[in-house]
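Residues per chain are reported as follows:
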Amino acid sequence: MSVEEPQSIIGTWKLKDWHSRKNGEFYAYPMEKDVKGQLIYTPCGRMSGFLMRADFKDRPPRSDASAAISLSYGGNWYIEGPEVCHDVDLSTIPGWIGTTLRRTMIWQGDDLLLKTGPETGKDGHDYENLLLWERLDAC
């Protein structure tokens, strides 16, 4: 699939894997290895993403959730070169609201790998996240 074809990512996606790298090497599973996630791209240019730890359902009712346990955001999306850009207008992370999150798209067969960064942390190391998605539908 060509990254220049926006219709290639339209639909609903299920998270297969999410891990982070530090200086190009495996670093961690940010929400444990069995993380759950869903990503939706609509034909009219809206998107939403949701990620949560698999044990999120075991938390006490009405308890607060930090971004290390559950996070979501939504907004408009568009493709720019090899990147999908998310103009965030809704988020459980306040600092993301009003920003554009850029994700490099790498096709692995029918699966879609979205890669962040890298961004330099306070410790001077470079970090990036790699999220592998499988399509649930082709609507």
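Details of the structure are given in the entry above.
Values in this document were obtained by computation on a predicted structure and should not be read as measured data. (Residues numbered from 1 in each chain as written. Predicted model: local features only at pLDDT ≥ 70, side-chain atom pairs only at ≥ 80, totals over all residues. Heavy atoms only, no water.)

1. Regarding the overall build of the protein chain
Each helix and strand in the protein chain was counted, giving zero helices and ten strands. For the protein chain, the N- to C-terminal ordering of α and β elements is β-β-β-β-β-β-β-β-β-β. Expressed as a percentage of the 139 residues in the protein chain, the buried residues total 36%. Here the analysis covers contacts within the protein chain between residues at least 6 apart in sequence; of these, 46% occur between residues at least 24 apart. Surface exposure of the protein chain reaches about 8000 Å², of which carbon and sulfur atoms provide 52%. (Helix = DSSP H or I, 4+ residues; strand = E, 2+ residues; numbered from the N terminus. Buried < 20%, exposed > 50% of the residue type's maximum accessible area, 1.4 Å probe, protein only. Contact = heavy atoms within 4.5 Å. Areas by Shrake-Rupley, 256 points an atom, 1.4 Å probe, with all protein chains shown as cover.)

2. Focus on the packing of aromatic side chains
Applying the stated criterion to the full structure yields five aromatic pairs. With 6.0 Å between their ring centres and 50 degrees between their planes, Trp13 and Trp107 make a pair best called tilted. Separated by 94 residues along the polypeptide, Trp13 in strand β1 (residues 11-22) and Trp107 in strand β7 (residues 100-108) bring together distant segments of the chain. Judged by relative accessible area, which is 0%, Trp13 ranks as buried. (Phe/Tyr/Trp six-rings, centres within 6.5 Å; stacked < 30°, edge-to-face > 60°.)

3. Notes on the pairing of strand β3 (residues 36-41)
Covered by surrounding structure in β3 are Gly37, Leu39 and Tyr41 only, the residues Lys36, Gln38 and Ile40 on the alternate face being uncovered. By the bridge criterion, four bridges tie β1 to β3 in an arrangement that is antiparallel. Counted as the bridge partner of Lys14 is Gln38 from β3. The sheet contact formed by β3 and strand β4 (residues 46-52) spans six bridges and is antiparallel. What sits directly across from Gly37, in β4, is Leu51. Counted between consecutive antiparallel strands, the loop separating β3 from β4 contains four residues, among which Gly45 sits at a positive phi close to 95 degrees. (Pairing = 2+ DSSP bridges.)

4. Brief notes about the side chain of Ser91
Residue position: Ser91 is located in strand β6 (residues 83-91). Accessibility expressed as a relative area gives 19% for Ser91, which makes it buried. In this structure Ser91 touches Ser72, Tyr73, Trp96 and Ile97, once residues within four positions along its chain are discounted.

5. Some thoughts on the environment of Arg103
Following the sequence through the fold, Arg103 ends up in strand β7. Arg103 sits 13 residues away from Thr116 along the chain, and the two C-alpha atoms are 5.2 Å apart.

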